[in-house]
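Chain by chain, the residues run as shown.
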Amino acid sequence: MWLQQVVVRGVQIAGRRGVCTTVSNGKLPLHFNYINGERVSPLNPDPTQIMKVLEPATGDLLIELQTSGPDEVNRAVQSAKEAFTEWSQLTGLQRGRIMQRAAQIIKDRQEEFAYWETRDTGKPIYEARMDIWTAIDAIEYFSGLAPTIAGQHVPLANGSFAYTKKEPLGVCAGIGAWNYPIQMAGWKSAPALACGNTFVFKPSQFTPITAVMLGEVYTEAGLPHGCYNVVQGAGETGTLLCEHSDVAKVSFTGSVPTGSKVMAAAAGGIKTVTLELGGKSPLIVFADANLDNAVGGAMLGNFLSQGEVCSNATRVFVENSVMDQFLARLVERTGRMKVGDPMDDDTRVGAMIHQDQADKVMTYLDGAKKEGAVVACGGELVTPDDPRLKGCYISPCVLTNCHDDMTVVREEVFGPVVSILGFDTEEEVIQRANNTEFGLAGGVFTNDLTRAHRVIAQMQAGTCYINNFNIIDVAVPFGGFKKSGLGRENGLVTVEYYTQVKTVYVEMGDVDAPF
Ligand code: NAD
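Model, not experiment: these values are computed from the prediction. (Residues numbered from 1 in each chain as written. Predicted model: local features only at pLDDT ≥ 70, side-chain atom pairs only at ≥ 80, totals over all residues. Heavy atoms only, no water.)

**Observations regarding the overall build of the protein chain**
In step 1: Scanning the protein chain from terminus to terminus reveals 16 helices and 24 strands.
In step 2: Relative to the 2.2 N^0.38 estimate, which gives 24 Å for 515 residues, the radius of gyration of the protein chain is 24 Å and therefore close to what a compact globule would have.
In step 3: Seen through its principal axes, the protein chain has C-alpha atoms that stretch 80 × 60 × 40 Å.
In step 4: Of all 515 residues assigned to the protein chain, the portion counted as buried reaches 58%.
In step 5: Expressed as a percentage of contacts within the protein chain between residues at least 6 apart in sequence, the contacts between residues at least 24 apart total 76%.
In step 6: Accessible area for the protein chain stands at about 20,400 Å²; split by element, carbon and sulfur atoms hold 53% of it. (Helix = DSSP H or I, 4+ residues; strand = E, 2+ residues; numbered from the N terminus. Rg over C-alpha atoms; globule rule 2.2 N^0.38 Å. Buried < 20%, exposed > 50% of the residue type's maximum accessible area, 1.4 Å probe, protein only. Contact = heavy atoms within 4.5 Å. Areas by Shrake-Rupley, 256 points an atom, 1.4 Å probe, with all protein chains shown as cover.)

This is the structure in C-alpha cells:
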C-alpha cells in the first residue's frame, strides 16, 4: 500500500548493504523477545526450537531466534496484564504524550528502521521508508485521538440519566504477516495503547526485527514497562496467544485460512477479533479514463513490495475498446522497473520473501500459461549481477488473454503478477468484479463522475478507489468485506475495536419498585 506523501517525506538513506554506518554497523542485538520493557533472553532455551531467519535479498542467515513457547507467551501476557492498571488509569492526554514522543524517536531513527525493514523483508528501501512513516502516522494519529475517547450522556425521565464509557479491553494481542512488519506493529499497537490497553505482538516468523525495535522506542519514550511486548514464533506461538485466558482481543493480519483458525481459537474465550485477510481485488478501467493514470493505478495496485500486498488489484478489467493502448503503456512502464538489490534507491522490485513464495508464484505462472494466458512481459526469475544477491527475484509480470475461470485469476498469488481481463459493458464487469469470495479492495478509473460512484456503490469491497489504487491514509478506515476480514484498522472507527462500552444508569429520584 502506498503512502501519498512519498515525495515530501522521502529522505536519503545511507544505502547499500553493509556500509550504512548509522544502523548499528549492520549488527543486531541478541534477543528478540521484548517483555516488561526490555529485550530478554528466552525462558527454557531449547536448541530444537531455534528459528533461522534468512535475509530475502541474499538468502543468507540473518538471525537465529528461539520460538516462544507457553511459558514465554505467558510471561509476556502477564507483563501486559500487570501493566494494564497503571496504563489504563492515565488520562488520554498522558498516554498521547508518551506516544508522541515515540513517534518522534522513530522519525529520528527512520533510516535505521528502514534499513532493517528492507533486510528483513527484501522490499526496496524506498518503500521501506514509506512503511516506517505509516507506523509513525499511526502512532501520531492515535496519540491525538487518545484524549478524545469518551462516551455519551443520555437524559432519562425525571432528571435521571445514563452515561456510557469507552473502556479498554485489557491485554490485546497482535499477530502480523511478513509483508508490512513495522506497519502492522504500529497499526495494531497504536490504537490499542491509545485506548488504554496493553499489548503483546507476535510478528511473522519471517520478519521479527522491527517490532522489537519499536518496543525499545516505546520504552525510551516513557511507556511503562509491560505495556508493549513482543514474542517470536510461528503458528503455535500465535495459537498460544489467541487461546490465552488473559488475552481479551486478537488483531490478526494474514491469510484467510489462518484467520479462520484465529477466529476459532479466540471463540473459546469469547474474544473479539479484528481480521485483516487476503484479497483478489478488481480494478475496472473504462474507455473514457485517463489511461496514463489508469496504468499508474494498475502498477501501484500490483507491483509494490514485489506484489506481496493484500489489497492488490490483481484482476484489472479493461474495456475492450482501449485494451491495446492500455496494454502497450502498461507493458512499456512495467518493463522499465528495476529488479534487484533492495538497498539500491532506484530498485523498484526487490526480493521475494523466501524461496517457497517465489516457487508458489512461478507455479501459478506455469499454470496460467497452461490455461492459455499469455505473458506480455516479465514473470521470469532474475539473477542480479551482484553475486551476493542469492535470493529470489521475479520480474513484474503482465498476463493477457486471461479469463475469469483461470486459477491465477481466482486465487491470491501474492507476487508481482497482474491478470488483464477485457470487458464490454458496465453491468457485465461489475458482476465479474464481485464474483470472488474476497472483498478487500476495488477500484474504478473513469472520467464519468456518475458512473464512478454508481460502480463503487455496487462493488463488494471494504476499501474502494476512484481514479487511484492502493493509497492509504491513517485517518481512513482500512479493511475487508466477505472473506477478506472483520473490523477495520485506521480512522476513528478503530477506537470501537479496542474499547468496550460500559453503560451506567444514574437514578436521581426514588426507586419505583412494584413490590
Ligand atoms: P499467514 O496467515 O501464513 O501468517 C500470518 C501470521 O499468522 C504469522 O505471524 C503466522 O506465524 C501466524 N499464524 C500462523 N498460523 C497461526 C495460527 N494457527 N494461529 C495464530 N497465528 C498463526 O500469512 P502470511 O503468509 O504471513 O501473510 C500473507 C497473507 O496475509 C496474505 O493472504 C495476505 O493477503 C494477508 N495480508 C492481509 C493484509 C490486510 O491488511 N488485509 C495485510 C497483509 C497481508
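The discussion continues.
**A closer look at the sheet that holds strand 24 (residues 499-506)**
In step 1: Spatially, 6-7-24 is the arrangement adopted by the three strands of the open sheet, whose pairing is antiparallel. Edge strands, defined here as strands with exactly one partner in the open sheet, are strand 6 (153-155) and strand 24. Averaged over all pairs of adjacent strands, the angle between their axes in this sheet comes to 20°, without regard to strand direction. (Pairing = 2+ DSSP bridges. Axes fitted to C-alpha atoms, helices over the stretch in contact; angles between N-to-C directions.)

**Here's the deal with the packing of aromatic side chains**
In step 1: One pass over the full model with this rule turns up nine aromatic pairs.
In step 2: Between Phe199 and Phe201, the ring centres sit 6.0 Å apart and the planes meet at 15°, which makes this aromatic pair stacked.
In step 3: Cluster of aromatic residues (ring-pair linked, three or more members): Phe199, Phe201, Tyr218 and Tyr228.
In step 4: Across the ring face of Tyr498, the terminal group of Lys249 is positioned such that the distance to the ring centre comes to 4.7 Å.
In step 5: For the cation-ring pair, Arg348 lies above Tyr126, with the distance from its terminal atom to the ring centre recorded as 3.9 Å. (Phe/Tyr/Trp six-rings, centres within 6.5 Å; stacked < 30°, edge-to-face > 60°. Lys NZ or Arg CZ within 6 Å of the ring centre and 35° of its normal.)

**Regarding the sheet that holds strand 14 (residues 315-319)**
In step 1: Spatially, the seven strands line up as an open sheet ordered 15-18-19-14-13-20-21, and their pairing is mixed. The outermost strands of the open sheet, each flanked by one partner alone, are strand 15 (374-377) and strand 21 (463-466). Neighbour to neighbour, the strand axes of the sheet diverge by 20° on average, direction disregarded.
In step 2: Here strand 15 runs beside strand 18 (residues 397-400); their pairing, made up of three bridges, is antiparallel. Among the inter-strand pairings, Val375 is bridged to a residue of strand 18, identified as Leu399.
In step 3: Against the sheet, helix 10 (residues 291-300) makes contact with strand 13 (282-285), strand 14 and strand 20 (441-445), and its axis sits at roughly 170° relative to strand 13, the strand it touches most.
In step 4: Of the strands in this sheet, strand 13, strand 14, strand 15, strand 18 and strand 19 (417-423) touch helix 11 (residues 323-335), which is tilted by about 170° from strand 19.

**Observations regarding the pairing of strand 4 (residues 50-54)**
In step 1: The alternating pattern of strand 4 places Met51 and Val53 on a buried face and Ile50, Lys52 and Leu54 on a face that is not buried.
In step 2: Summarising the sheet, strand 4 and strand 5 (residues 61-66) pair through five bridges and their orientation is antiparallel. Across the sheet, residue Ile50 finds its bridge partner in strand 5, namely Gln66.
In step 3: Joining the antiparallel neighbours strand 4 and strand 5 is a turn of six residues, in which Gly59 adopts a positive phi near 80°.

**A short note on the environment of Tyr228**
In step 1: For Tyr228, the position within the fold is in strand 10 (residues 228-230).
In step 2: Taking the C-alpha atoms as reference points, Tyr228 and Glu371, separated by 143 residues in sequence, lie 49 Å from one another.
In step 3: Dropping the residues within four chain positions of it, Tyr228 is found in contact with Tyr34, Ala185, Ser189, Phe199, Phe201, Ala211, Leu214, Gly215, Tyr218 and Leu223.
In step 4: A distance of 2.8 Å separates a polar atom in the side chain of Tyr228 from the backbone oxygen of Ala211. (Polar contact = N/O pair within 3.5 Å; in protein donor to acceptor, adjacent residues only side chain to side chain.)

**A short note on the site of the ligand**
In step 1: In the region of the ligand, 29 residues are neighbours, and Gly176, Gln205, Ser255, Leu277 and Glu412 sit closest.
In step 2: In the model, an oxygen atom of the ligand is placed 2.9 Å from a nitrogen or oxygen of the Trp178 side chain.
In step 3: In the complex, 88% of the free accessible area of the ligand, which totals 850 Å², lies under the protein chains.
In step 4: Every element with two or more residues in the shell around the ligand is listed here: helix 8 (235-243), strand 11 (247-253) and helix 9 (256-267).
In step 5: Partitioning the shell around the ligand into residue classes produces 13 nonpolar, twelve polar and four charged. (Near = heavy atom within 4 Å. Nonpolar A, V, L, I, M, F, W, Y, C, P; charged D, E, K, R; others polar.)

**Concerning the environment of Ala192**
In step 1: Tracing the chain through its elements places Ala192 in helix 6 (residues 181-194).
In step 2: Given a relative accessible area of 0%, Ala192 falls into the buried group.
In step 3: When the C-alpha atoms of Ala192 and Cys397 are compared, they prove to be 39 Å apart, with 205 residues separating the residues in sequence.
In step 4: Among all residues touching Ala192, those that are not within four sequence positions of it are Cys172, Asn197, Phe199 and Tyr498.

**Section: the pattern of salt bridges**
In step 1: This model, assessed by the stated rule, comprises 24 salt bridges.
In step 2: With a closest N to O distance of 2.8 Å, Glu72 and Arg75 form a salt bridge. You can see Glu72 and its partner Arg75 sitting in helix 2 (residues 70-89), three residues apart, about one turn around the helix.
In step 3: Its relative accessible area of 24% is what places Arg75 among the partly exposed residues.
In step 4: Residue Asp345 is joined to Arg129 by a salt bridge in which the shortest nitrogen-to-oxygen separation is 2.7 Å. Of this pair, Asp345 sits in the loop between helix 11 and helix 12 (355-370) while Arg129 sits in helix 5 (residues 125-145); the two residues are 216 residues apart in sequence, bridging distant segments of the chain. (Salt bridge = Lys/Arg side-chain N within 4 Å of Asp/Glu carboxyl O.)

**Looking at helix 14 (residues 426-433)**
Working note: α-helix, 3.6 residues per turn, so residues spaced by three or four point in the same direction.
In step 1: Restricting attention to buried positions, one finds in helix 14 the residues Glu426, Val429, Ile430, Arg432 and Ala433. Taken end-on, helix 14 shows its buried residues confined to a sector of 165°, consistent with a single buried face.
In step 2: Looking at the buried side of helix 14, the elements it contacts are strand 13, strand 14, strand 19 and helix 15 (449-458). (Arc of directions from axis to C-beta.)

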